[in-house]
Amino acid sequence: MPAELPLPLVVLIVLPLATLALWALVEPHCLEITRYHLGPSGHWTGAPQRQPRPLPPDSRCSFHSFPAPLDAPERPGLRLVFFTDYHAGLMLAGRDRLLRVMLDARPDVVVFGGDLINGKWDRRRGFQDLAWFGAALYEAGIPFLSIRGNHDKGIDRSAWEDCGLVHLRNERYCLEAGGERWILVGLDDQRLGTPDFAAALEGHAADPARTLVFAHNPDSVLDLKPGCQAQVFCGHFHGGQIRAPFRFEFRHLRSELLSQAGYYGGLYDWLDFRLFISRGTGCVLFPLRFLARPEISIFDIQADSGGSRSHPR
Ligand SMILES: [Fe+2]
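Model, not experiment: these values are computed from the prediction.

1. Here's the deal with the overall build of the chain
Inference 1: Broken down by element type, the chain carries seven helices and 13 strands.
Inference 2: Out of the 313 residues in the chain, the part that is buried amounts to 45%.
Inference 3: Restricting the contact set of the chain to residue pairs at least 6 apart, pairs at least 24 apart contribute 74%.

Listed below in structure tokens is the structure:
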């Protein structure tokens, strides 16, 4: 018969564990909106405004006929909303809240960074939600782009595009914002395909200061060359999802070189461009997060300038 533990010791052990478990259950619901201003001033630009977004006469660019917005404010640069790792069946951050952020920011473009689903079991819900986002953004006149992630296996291009968005697999999309032409390159996922930056830009004049790259897996930056892009946007790591001491999950549970090197969430300098790694919005395996809140991000980006993070919240 084992000796009984004294009550204070039991409380001392159980209480912290119960608190941590409760925290991990609640955190997937706690959406964080992060804002970045990548421009010369280093400051948030103030009240959101809407901007016209006619597509340039470039027949090699992906084209999607979005309706024109009703107002046409003056705003420098490009406003982007980026979200990733939706994992529909385990997405607890609230799709209403996500859409509210997208619409309230009044961006020039919204990009989804891949991992719509966990697997076949939540595929239907994933595409229902994506079509719901697509319809609302289309009605608001906001272009909506996507790339695929490693969980998006066996999904045809048509399934994505039926949701009212432009799906990029080593392709580019061009739009005008702030009086400038921007090139948005969507790379294929490196587990499901082969990222190919050159193929995406084939036949197009390079404009690195206005070229933004979207890739699901941050390790894709290892194949990118300097002098070709201003900013790269990724997801995949979920910020660790359930953080462990000493970055254990990144050092020992993941094979990606960037996570092992300490690049797992936030904005970084990489070669001569910036690298952003989002924590994503949903969960994989378990509906739990710990010290890695779900995230949707708003960027104001100006070309030909250095940048800094400001006013995250
Ligand atoms: Fe993911």
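2. Quick look at the nonpolar core
Inference 1: Among the nonpolar cores identified, the biggest contains 67 residues, and Val185 and Phe214 are the most heavily contacted of them.
Inference 2: The residues touching Phe214, leaving out its near neighbours within four places in the chain, are Val111, Gly113, Ile147, Leu184, Val185, Gly186, Leu187 and Phe233.

3. Remarks on the packing of helix α2 (residues 95–105) against helix α3 (residues 123–140)
Inference 1: Closest axis-to-axis distance for the α2/α3 pair is 11 Å, and the angle between their directions is 25 degrees. Taken together, the axes of α2 and α3 lie roughly parallel to each other. As for how α2 packs across α3, the hand of that crossing is right-handed. Every residue of α3 that contacts α2 at Arg95, Leu99, Met102 and Leu103 is listed here: Asp129, Phe133, Ala136, Leu137 and Ala140.
Inference 2: Residues of the contact of α2 with α3, tallied by class, amount to seven nonpolar, no polar and two charged.

4. Quick look at the pairing of strand β9 (residues 231–234)
Inference 1: Both faces of β9 are covered, namely the face carrying Gln231 and Phe233 and the face carrying Val232 and Cys234.
Inference 2: Two strands pair when backbone bridges link them, and strand β8 (residues 211–214) and β9 are joined in this way by three bridges, in the parallel orientation. The residue bridging Leu212 from the neighbouring strand is Gln231, located in β9.
Inference 3: Note: β9 against strand β11 (residues 273–277), four bridges, orientation parallel. Among the inter-strand pairings, Phe233 is bridged to a residue of β11, identified as Phe276.

5. Section: the sheet that holds β11
Inference 1: Read across the sheet, six strands follow the order β6-β7-β8-β9-β11-β10 without closing on themselves; strand pairing throughout is mixed. If you trace the sheet from one side to the other, it starts and ends with β6 (171–177) and β10 (266–270), each paired once. Neighbour-to-neighbour, the strand axes of this sheet turn through a mean angle of 20 degrees, independent of strand direction.

6. Some thoughts on the environment of Glu176
Inference 1: Within the fold, Glu176 resides in strand β6.
Inference 2: Note: C-alpha distance between Glu176 and Gly77 (99 residues apart in sequence) is 9.4 Å.

7. Points about helix α1 (residues 7–26)
Inference 1: Taking 1.5 Å of rise per residue, the 20 residues of α1 would be expected to cover 28 Å, and the 28 Å separating its terminal C-alpha atoms lies within 8% of that figure.
Inference 2: For α1, the tally of buried residues reaches only one of 20 residues, placing the bulk of the element at the surface.

8. Here's the deal with α3
Inference 1: For α3, which comprises 18 residues, the first-to-last C-alpha distance of 26 Å matches the rise-based estimate of 26 Å (1.5 Å per residue) to within 8%.
Inference 2: All buried positions along α3 are accounted for by Arg123, Gly126, Asp129, Leu130, Phe133, Gly134 and Leu137. The buried residues of α3 occupy one face: seen down the axis, they fall within an arc of 140 degrees. Among the exposed residues of α3, those oriented more than 90 degrees off its buried face are Arg124, Gln128 and Glu139.
Inference 3: The secondary structure elements touched by the buried residues of α3 are α2, β3 (109–112) and β4 (144–146).
Inference 4: Taken from the residues just after α3, Gly141 is the one with a positive phi, measuring 75 degrees.

9. Focus: the confidence of the model for the chain
Inference 1: Here the chain shows a mean pLDDT of 84. Residues at 70 or above account for 85%.
Inference 2: Counting contacts from residues 40–72, a segment whose pLDDT is below 50, to residues more than four positions away or on other chains yields 66 contacts.
Inference 3: Confidence over residues 305–313 falls short of pLDDT 50; this stretch has 20 contacts with residues more than four positions distant or in other chains.

10. Here we look at unusual backbone geometry
Leaving glycine out, the prevailing phi sign among residues is negative, and the prevailing peptide bond configuration is trans.
Inference 1: Of note, the phi angle at Asp85 is positive, near 50 degrees, even though the residue is not glycine.
Inference 2: Along the chain, the position of Asp85 falls in the loop between β2 (78–83) and α2.

11. Let's talk about the pairing of β3
Inference 1: Burial of the side chains of β3 extends over both faces: Val109 and Val111 are buried on one face and Val110 and Phe112 on the other.
Inference 2: Relative to β3, β2 is paired through four bridges, and the arrangement is parallel. Bridge pairing in β3 places Phe83 opposite Phe112.
Inference 3: In this fold, the crossover linking β2 to β3 by way of α2 has right-handed handedness.
Inference 4: Chirality of the crossover, the property in question, places the unit of β3, α3 and β4 among those that are right-handed.

Reading guide: rules and limits
Residues numbered from 1 in each chain as written. Predicted model: local features only at pLDDT ≥ 70, side-chain atom pairs only at ≥ 80, totals over all residues. Helix = DSSP H or I, 4+ residues; strand = E, 2+ residues; numbered from the N terminus. Buried ≥ 20, exposed ≤ 12 C-beta atoms within 10 Å, placed from the backbone. Contact = placed C-beta atoms within 7 Å. Core = buried A, V, L, I, M, F, W, Y, C linked by C-beta atoms within 7 Å. Axes fitted to C-alpha atoms, helices over the stretch in contact; angles between N-to-C directions. Parallel < 35°, antiparallel > 145°, perpendicular 65-115°, else oblique. Left-handed = near helix turned anticlockwise from the far one by under 90°. Nonpolar A, V, L, I, M, F, W, Y, C, P; charged D, E, K, R; others polar. Pairing = 2+ DSSP bridges. Expected span 1.5 Å × (residues − 1). Arc of directions from axis to C-beta. pLDDT = per-residue confidence, 0-100. Right-handed = clockwise from strand over helix to strand, strands pointing away.

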